[in-house]
Amino acid sequence: MTQQPPSEVVDRTVVGSYPTYAGAQRAVDFLADNKFPVEHTAIIGSDLRMVETVLGRLTRGRAALAGAGTGAWFGLLIGLLLSVFAAGAHNVIVLLVSGLVYGAVFGAIFGFVGHAMTGGRRDFSSRSQIVAARYEVVADAQVVDDAKNMLARLAMREG
């Protein structure tokens, strides 16, 4: 069961500000290592932007190859699940290999056809991510002073 975020706005104060997520994460990890109640903290990214990094040109052949790879993994998973019910080691190998081959073939077909249907509107592959310009570590009002003091020690140690 997942925990739902609190519905009311919690009074939190900035105790540290970092240019990278790794820096903010390191600060919270430092707090945790020093037995600070980190459940009273949060990392908040501000000035969010979506960055799409273009990885390369996407041709129908590359789309088919990517589809074959994805299909092969999926086929292998299906073959593995079906092999639970197989009688004998030979049947297990046949199920795994045939799942891999059929998955790769159908994945390649779907990758090729899917890319061909775009009509050349997206002839590149990319990776998208959300990036913040700044990351702030905030703490609940009752622990702000302790958090600021501990993070000051971290800054002096790294400084």
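Residues numbered from 1 in each chain as written. Predicted model: local features only at pLDDT ≥ 70, side-chain atom pairs only at ≥ 80, totals over all residues. Heavy atoms only, no water.

Peer 1: Report on the pattern of salt bridges, specifying residues and quantitative values.
Peer 2: Applying the stated criterion across every chain yields a total of three salt bridges. Across the salt bridge formed by Arg-26 and Glu-158, the nearest N and O atoms sit 2.8 Å from each other. Within this pair, whereas Arg-26 is found in helix H1 (residues 21-33), its partner Glu-158 is found in helix H4 (residues 144-158), the two being separated by 132 residues in sequence. Judged by relative accessible area, Arg-26 falls into the partly exposed class, the value being 42%. In this structure, Arg-122 and Glu-52 form a salt bridge, with 2.6 Å as the shortest nitrogen-oxygen distance. With a gap of 70 residues between them, Arg-122 in the loop between helix H3 (89-116) and strand E3 (124-140) and Glu-52 in strand E2 (residues 41-57) connect regions that are remote in the sequence. (Salt bridge = Lys/Arg side-chain N within 4 Å of Asp/Glu carboxyl O. Helix = DSSP H or I, 4+ residues; strand = E, 2+ residues; numbered from the N terminus. Buried < 20%, exposed > 50% of the residue type's maximum accessible area, 1.4 Å probe, protein only.)

Peer 1: Mind laying out the sheet that holds strand E1 (residues 12-18), listing which residues take part and the relevant values?
Peer 2: Pairing within the open sheet is antiparallel, and its three strands lie in the order E1-E3-E2. Either end of the sheet is taken by a strand with one partner, and the two such strands are E1 and E2. The sheet shows a mean angle of 35 degrees between the axes of neighbouring strands, taken without regard to direction. Judged from the six bridges that link them, E1 and E3 form a sheet pairing that is antiparallel. Bridge pairing links Tyr-18 to Tyr-135 in E3. Its contacts with the sheet place H1 against E1, E2 and E3, and it is angled at close to 140 degrees to E2. (Pairing = 2+ DSSP bridges. Axes fitted to C-alpha atoms, helices over the stretch in contact; angles between N-to-C directions. Contact = heavy atoms within 4.5 Å.)

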